[in-house]
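Results of the structural survey
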Amino acid sequence: MRHVYLCFLFIYLCSCQKKDDVQLIELFAGETKLLLEVKTKDENSSLVFINLHDDEVTSTEAFNSFYEDCNCRFYHLMNNRRRNIVFSVNHHDGEFDPNGIFSSTGIERQLKKHHYFNPKSEAAVKKFSEDFLATLDLNSHDFVVSLHNNSDGNFSVQSYVADTSRSEGALEFNLSPNRDEDDFFIVTKREFFESFRKQDFNVVLLNPTSPEDDGSLSDYCNKHGIDYINVEAEDGHLEEQKKMIETALLLFGE
Ligand SMILES: [Zn+2]
């Protein structure tokens, strides 16, 4: 009888614990293998979260506190807690920022920046970029949210303000006097912009006709009409980034 009871208990526990579907997908940059972790809470979800920079741990920590209750999918590019990817073609090492290779212009810029621009390295990174985008299949999702961290004063909402480096890329921006300029949203949809602005967040609405293209996922989504939100917070601003993710989730009815 005891065995029967334990058997029923086991079956009950198995049916209650909905196990996440975790996949590791192999991607290659030249001869270098990279792993993309894909965690799926809801296979039919229209909402996807992406972490491209493996060293931006505040953003993943912030997201993890919502993941259990989120009907979404999460992509995490694993890179030994480093930002840039070091790759090898014909035994020569090159380097690129994984958030700078979603266009030909971006790939060229990245490889020149790291002094390894030639036809073979360009083809290798182009293949990586194409395979990565094919795996993400962004057009099949209604909403794409990328998670990033920056360092103090390095990249902020001020970067998009008139007369600064990225001002041509912004259609509109909202600066909040009550928030750190390093904590801000970048969005491709006016509805998202208005919602964040009304809630007194720093937010940038990208200009869909801007010629600016740094090969980032933001510029890619902007040019391809994908509803996209970048949740960008200063490294260590865990509570601020949690609040931002929570606010974004509410937009999607989560
Ligand atoms: Zn980042």
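I will try to describe carefully the structure that is included in this document.

Bringing the packing of helix α2 (residues 57–67) against helix α7 (residues 238–251) into the picture now. For the pair α2 and α7, interaxial distance at closest approach is 9 Å and the crossing angle is 50°. Judged on the interaxial angle alone, α7 and α2 are oblique. The element α2 and its partner α7 pack so that their crossing is right-handed. Residues Thr 58, Ser 59, Glu 61, Ala 62, Phe 63, Ser 65 and Phe 66 of α2 lie in contact with α7, whose contacting residues are Leu 238, Gln 241, Lys 242, Ile 245, Glu 246 and Leu 249. For the contact of α2 with α7, the class distribution of residues is six nonpolar, four polar and three charged.

Here we come to unusual backbone geometry. Residue Asn 80 is not a glycine yet carries a positive backbone phi of 50°. Phi angles above zero are rare outside glycine, and Asp 137 is one such case at about 45°. Summarising the element assignment, Asp 137 is placed in the loop between α4 (119–136) and β7 (143–150).

Further remarks concern the environment of Leu 52. Relative to the helices and strands, Leu 52 resides in the loop between β3 (47–51) and α2. Distance in space between the C-alpha atoms of Leu 52 and Asn 139 is 18 Å, their sequence separation being 87 residues. With residues up to four places along the chain from it excluded, the contact list for Leu 52 reads Leu 77, Pro 98, Asn 99, Ser 146 and Leu 217.

Counting 54 residues, the largest nonpolar core has Phe 185, Val 187, Val 203, Val 204 and Val 231 as its most contacted members. Among the elements that make up this core, the one with the highest residue count is α4 (five residues). Discounting chain neighbours no more than four positions away, the residues touching Val 204 are Val 157, Tyr 160, Ala 170, Phe 173, Phe 184 and Ile 186.

Turning next to the environment of Gly 253. With respect to the helices and strands, the residue Gly 253 is situated in the segment after α7. Separated by 140 residues in the primary sequence, Gly 253 and Lys 113 have C-alpha atoms spaced 41 Å apart.

Here we come to α7. Helix length check: α7 (14 residues) gives 20 Å between terminal C-alpha atoms against 20 Å at 1.5 Å per residue, within 8%. Buried positions along α7 lie against α2, β7, β9 (184–187) and β11 (228–234). Remark: Gly 253 follows α7 within two positions and exhibits a positive phi of approximately 75°.

Let's shift gears to helix α5 (residues 190–198). Those residues of α5 that sit buried are Phe 192, Phe 193, Phe 196 and Arg 197. Seen along its axis, α5 keeps its buried residues to an arc of 130°; they face one direction. Among the exposed residues of α5, those pointing more than 90 degrees away from its buried face are Arg 190, Glu 191 and Lys 198. Residues of α5 that are buried in the fold lie against β8 (170–174), β9, β10 (203–206), β11 and α7. Two residues or fewer past α5, Asp 200 is found with a positive phi of approximately 65°.

So, how was this worked out
Residues numbered from 1 in each chain as written. Predicted model: local features only at pLDDT ≥ 70, side-chain atom pairs only at ≥ 80, totals over all residues. Axes fitted to C-alpha atoms, helices over the stretch in contact; angles between N-to-C directions. Helix = DSSP H or I, 4+ residues; strand = E, 2+ residues; numbered from the N terminus. Parallel < 35°, antiparallel > 145°, perpendicular 65-115°, else oblique. Left-handed = near helix turned anticlockwise from the far one by under 90°. Contact = placed C-beta atoms within 7 Å. Nonpolar A, V, L, I, M, F, W, Y, C, P; charged D, E, K, R; others polar. Core = buried A, V, L, I, M, F, W, Y, C linked by C-beta atoms within 7 Å. Buried ≥ 20, exposed ≤ 12 C-beta atoms within 10 Å, placed from the backbone. Expected span 1.5 Å × (residues − 1). Arc of directions from axis to C-beta.

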